[in-house]
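Given next are the chains, with one letter for each unit.
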Amino acid sequence: VTHEATARSSWHWLQELPWRSYLGVGVGAGIVLATALCAALQGAGLAILVLGGAGLLTAIGTLWTSVRALVGELPMDVEDAYALAAPAGADDQKRALLRALEDLDYEKRVGKISEQDFGELGARYRAEAKQLLGVDEAARDEERRAVERLVADRLAGLGLEALPDRTQEDELPAQPAVAEEPTDEESDAAMAAPAAGAPRRASAEKTAPGGGPTRPTPQPHGARTRRATTRRDTPRPQASARSAARPAERRTTLMRSSARSAGCGSTIAAIPPAAAAASAEASAGHEP
Amino acid sequence: MWNSLPELGFAVLCAVLVTAAFTFGVAVRAADGRPRWLRSARLGAYGTIALVGVAVLILAYAFVAHDFRIRYVAHYSDRSMSTALLLAALWGGQDGSLLWWLFLTCVFSGAAIWWMKGRYRELQPYVIATLMVVLVFLSVVMLFAVNPFATVAGAAPADGRGLNYQLRNFYMIVHPPALYLGFTSTAVPFAFAVAALLTGRLGNEWIVATRKWMLFSWLFLTIGNGLGMIWAYEELGWGGYWNWDPVENASLLPWLTATAYLHSITIQERRGMFKHWNVLLVCATFLLTLFGTFITRSGLIASVHAFSKSSIGTFFLAFMVLVVVGCLVLWLVALLLGGRTGLQGRRRDPLVNETGIESATSRESAFLAQNWLQFAITLFVMAATLWPTLSEWLLRRKATVGADFYNTFVPPLALLVIALMGLAPLLGWRRTSRELFVRSIRAPAIAALLAAGLHVGLGRRLGVPPFVPIEPVLQNWLGTVMAAIVGKLPVVTVALVAFNLTVVGQEFARGVRARRARQPESVLEALGSLLARSRRRYGGYLVHVGVAILFLGFAGRAWGTHAEASLRVGQKVQVGDYTLVYAGSREEHDEEKQMVFAELDVQLGGKGVGRLSPAKYVYEASPDQPSSEVGRISRWNEDVYAIVGLVDRRSEMASFQIHVNPLVSLVWLGLILASLGGLVAMWPEGLVRRAGAFGYVRRLDAPAGAAK
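Residues numbered from 1 in each chain as written. Chains lettered and ligands numbered in written order. Predicted model: local features only at pLDDT ≥ 70, side-chain atom pairs only at ≥ 80, totals over all residues. Heavy atoms only, no water.

## Comments concerning the overall build of chain B
- A count of helices and strands for chain B gives 22 helices and ten strands.
- Here chain B has a C-alpha radius of gyration of 28 Å; the compact-globule value for 708 residues is 27 Å, and the two agree.
- When the backbone C-alpha atoms are referred to their principal axes, chain B occupies close to 90 × 75 × 55 Å.
- Going through the 708 residues of chain B one by one, you find that 58% of them count as buried.
- With the model as given, the accessible surface of chain B reaches about 28800 Å², and the carbon-plus-sulfur share is 64%. (Helix = DSSP H or I, 4+ residues; strand = E, 2+ residues; numbered from the N terminus. Rg over C-alpha atoms; globule rule 2.2 N^0.38 Å. Buried < 20%, exposed > 50% of the residue type's maximum accessible area, 1.4 Å probe, protein only. Areas by Shrake-Rupley, 256 points an atom, 1.4 Å probe, with all protein chains shown as cover.)

If you want it as structure tokens, here you go:
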């Protein structure tokens with residue numbers, strides 16, 4: 001295991017590369033190059049045909065992917081899931097408020113606004129900024145709770161195990177977050193003895209703060225059981241404004257990194273729970 | 001497959017209709033908060049956009065391959081045209097230009113959907129759905145009214161008719177796409193407005209989201225109109241750059257409402273006011289792009305550069321009615337359900353202003369007045385453009401209004417807007433104390449009075465009189481009053497331009513001073529930092545400078561002179577300070593046309609300043625439609641501009657129309673500056689500022705002692 005882990009970490013940088021983006025850019029550059037070559041050698045007609053062919057293939061591929069996404073054949077990718085759970089336009093709102101404050105500050109400095117108006121308007125904008133931060137965090141907390149509940153339900157329904165909190169996760173030995181496939185004997189034993197699943201469900205219930213009791217879902221014969229971990233990504237209640245305004249890019253990087261290095265289970269662990277739920281539900285063909 | 005290119009094109013258009021309708025359905029379903037559906041809708045939109053791109057490429061290929069089986073290709077191209085002109089012919093006629101319109105709408109839809117990834121989750125499904133409705137509409141128009149892939153009756157001709165020669169001009173190649181960019185991009189802010197009304201998220205969210213999109217539309221409408229003015233000046237031989245033609249008016253109307261919107265959203269952002277107004281302006285801007293298309297393509301209004309009459313008018317009228325009714329219903333719903341809980345359990349924002357105007361001497365008052373004036377100009381120009389049709393309906397006789405009518409009523413209103421444009425930056429939000437106001441306005445007011453005084457004192461001597469006699473356009477008291485007012489507008493314009501330029505100069509100076517008081521910087525460094533850090537503010541000021549200079553250029557029309565003359569070789573004519581001597585004619589030929597030039601030697605104070613060579617081009621493909629080519633000498637302060645009417649080579653006689661147009665160069669300079677300002681205001685803000693955003697909030701908060 002140690003040897004494999006070492007080998008994996010040495011190739012880690014390779015896995016980190018955004019291959020899909022590279023592929024997209026490469027194909028695009030190839031088409032542009034082919035078009036330019038055709039235009040130079042054979043005239044505009046052939047160049048237009050090359051572009052048209054590429055466009056047609058893109059259209060067919062994209063529409064096919066759209067239908068696949070619709071019928072649930074396409075698992076939602078991490079970035080999409082994260083995007084779906086991201087706060088709606090909050091960054092833009094924050095920036096607009098910042099601009100308003102800066103403008104006000106400027107108008108004060110150039111003597112275009114009285115002290116009294118500056119104080120009143122400034123207080124209003126600052127209150128709005130704080131409210132935006134507060135609402136933002138409150139909305140996320142509420143969302144997280146709901147999503148943790150959904151994830152726990154879903155995992156329990158699939159017979160997966162969700163770890164209750166970070167402390168427990170910290171105690172885990174170094175291993176891929178998605179647990180190894182159990183042997184057929186283990187699965188069979190689990191199926192044969194329903195009581196064996198009970199602790200897992202209990203664990204899931206414990207994970208869901210404020211959530212109701214989860215319903216055990218009957219497993220089809222031969223269904224494989226996995227272990228997965230969830231982790232609280234929720235900022236502490238006393239989180240400062242700075243931590244709340246942490247750039248989304250950093251989270252995305254974390255998310256990508258975790259997703260690529262550890263697979264789906266740790267993706268759930270790293271991205272905000274709402275995104276994890278969206279991803280889990282969508283990939284399972286369910287709407288949250 | 002190449003034997004069935006028209007069918008392939010038609011099939012792709014059908015596919016566009018199907019996929020756009022599919023995407024619309026999926027997007028509407030995704031509004032329930034279904035991530036899979038939303039992803040599917042996004043991908044569906046991308047697929048639809050790619051299909052439209054394919055349709056455009058098929059038509060482009062048909063042009064390049066001279067596939068004259070396609071009617072549109074046969075009508076708008078011939079074998080002699082270069083590849084660049086063949087590609088420009090894509091938007092040279094009705095059918096192709098609508099396909100081009102659809103394509104550009106798709107490009108913007110794709111850009112908006114790509115940009116929205118990761119933000120505006122609640123608005124996204126409705127934005128996509130609205131954009132798809134626009135695509136469905138345009139696809140239906142093309143499939144059922146103006147199919148660009150329709151074939152000619154019978155066998156394909158050996159050669160096409162070729163592109164109209166007035167369109168074979170560089171500015172005509174670039175002007176329509178620029179204008180279409182402005183028109184089509186208004187669909188994105190409109191889609192956001194619809195989404196905001198539907199979801200009840202009527203706060204600042206959609207305003208913030210749409211600002212740059214509308215700024216983009218505004219910028220390209222400015223550039224498109226500017227290029228159109230240059231084209232008209234160089235190609236149409238009107239003697240001027242703006243003649244209040246219906247097509248010109250159609251492109252001016254959305255520019256006016258977009259300008260009003262870009263100002264009024266600032267009020268909503270800062271003060272939570274004008275919420276209804278902003279919704280109205282966005283919807284009106286989109287509607288006016290449809291209206292412009294409707295009047296110029298339906299044959300409703302005659303114009304020198306309108307498209308030929310077609311059946312698309314009915315489709316556009318129906319869609320406009322749908323947009324108006326839809327917006328009204330959504331607005332009513334937003335009004336009635338504001339504050340109640342919406343479908344997804346979220347409380348809908350009330351469509352009410354959070355505060356009111358507290359003082360007449362506040363920036364919001366100035367913005368409101370400016371908005372009303374711009375809206376009044378919009379309504380006036382719209383009514384005057386439609387007057388031939390309206391008069392036919394109302395008075396049972398067709399009456400038209402000419403450029404003089406517009407030039408009598410629009411400039412006074414426009415100059416009021418210019419006055420407010422200078423005044424607004426001097427005012428603070430909420431109210432401005434008397435002391436602050438006097439201090440701010442002192443320098444601009446002195447500059448304005450000084451400019452007006454100098455103009456009155458020296459203007460007549462310099463050939464730019466402050467007051468000009470104007471013939472009343474109406475034979476009643478209103479006509480007399482307006483003629484008296486318009487006659488005094490030159491000096492008013494000069495004063496207001498001086499006022500505006502001083503205001504902007506003062507604003508820059510204040511900004512630099514404030515910046516240097518904080519940190520040691522050179523003036524240039526401080527100026528650069530100001531522009532870099534407050535692009536929106538200083539970009540806006542740059543636009544103001546551009547508009548002020550543009551108006552000074554417009555004022556030049558009042559001082560212009562023109563003459564008509566028939567001259568034999570050696571005869572001369574005096575126009576203003578210039579003497580023009582007819583030097584004779586010459587003839588040239590090229591592959592496609594015969595060119596007859598009439599040469600005029602231009603002298604000023606006895607010295608030659610150049611030779612004008614206006615010409616008549618007679619194209620072999622259309623010998624009955626000779627085109628006039630303008631001869632022009634551009635000087636920094638005025639243009640000498642000549643059009644030749646008739647050239648008789650046997651009697652060596654020619655008839656001319658000669659104009660001396662003062663300050664035309666300022667019109668172009670103003671347009672360039674306004675466009676640059678728009679670009680500066682639109683330029684993305686740096687990421688560094690985002691990172692420091694809340695440090696700033698805390699820093700500002702600290703002295704106030706408020707709880708963090």
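Once the structure has been displayed, the description carries forward.
## Digging into the environment of Val 618 of chain B
Residue and element names in this part refer to chain B.
- Checked against the element boundaries, Val 618 lands in strand S6 (residues 615-619).
- Taking the C-alpha atoms as reference, Val 618 lies 5.2 Å from Gln 594; in sequence the two are 24 residues apart.
- In this view, Val 618 contacts Glu 592, Lys 593, Gln 594, Pro 623 and Pro 626; residues no more than four positions away in its chain are not counted. (Contact = heavy atoms within 4.5 Å.)

## A few points about the packing of aromatic side chains
Residue and element names in this part refer to chain B.
- Scanning the model with the defined rule gives 37 aromatic pairs over all chains in all.
- Summarising the aromatic geometry, the rings of Trp 277 and Phe 375 are spaced 5.3 Å apart at their centres and angled 65° between planes, so their arrangement reads as edge-to-face. Of the two residues, Trp 277 sits in helix H11 (residues 275-297) while Phe 375 sits in helix H13 (residues 363-394), which places them 98 residues apart along the sequence.
- Ring centres of Phe 405 and Phe 409 lie 5.0 Å apart, and the angle between their planes is 50°; on these two criteria the pair is classed as tilted. A residue pair is termed a helical-turn pair when its members lie 3 or 4 positions apart in one helix, as Phe 405 and Phe 409 do in helix H14 (residues 403-423) at four residues. As far as burial versus exposure is concerned, Phe 405 and Phe 409 are alike and both buried.
- Grouping aromatic residues by their ring pairs yields a cluster made of Tyr 233, Tyr 241, Phe 551, Phe 554, Tyr 641 and Trp 668.
- One Lys or Arg, Arg 363, reaches over the ring of Trp 429 and ends 4.9 Å from the middle of that ring. (Phe/Tyr/Trp six-rings, centres within 6.5 Å; stacked < 30°, edge-to-face > 60°. Lys NZ or Arg CZ within 6 Å of the ring centre and 35° of its normal.)

## Considerations on the packing of helix H5 (residues 94-116) of chain B against helix H9 (residues 205-236) of chain B
All names here are of chain B.
- Taken N-terminus to C-terminus, the directions of H5 and H9 make an angle of 155°; their axes are 13 Å apart at the nearest point. Of the possible angle classes, the one that applies to H5 and H9 is roughly antiparallel. Between H5 and H9 the crossing geometry is right-handed. On H9, the residues that touch Phe 108, Ala 111, Ala 112 and Trp 115 of H5 are Ala 209, Trp 213 and Phe 216. (Axes fitted to C-alpha atoms, helices over the stretch in contact; angles between N-to-C directions. Parallel < 35°, antiparallel > 145°, perpendicular 65-115°, else oblique. Left-handed = near helix turned anticlockwise from the far one by under 90°.)

## A short note on unusual backbone geometry
All names here are of chain B.
- A positive phi angle, near 50°, is found at His 66, a position not held by glycine.
- Examined against the element boundaries, His 66 turns out to sit in the loop between helix H2 (35-64) and helix H3 (71-76).
- Owing to a relative accessible area of 18%, His 66 belongs among the buried residues under this scheme.
- The phi torsion at Trp 244 lies on the positive side, around 55°, for a residue other than glycine.
- Positionally, Trp 244 belongs in the loop between H9 and helix H10 (246-271).

## Focus on the side chain of Ser 66 of chain A
- Topologically, Ser 66 of chain A is positioned in helix H4 (residues 44-71).
- Judged by its relative accessible area of 0%, Ser 66 of chain A falls in the buried class.
- Ignoring sequence-local partners within four residues, the contact set of Ser 66 of chain A consists of Phe 22, Ser 40, Leu 43 and Gly 44 of chain B.

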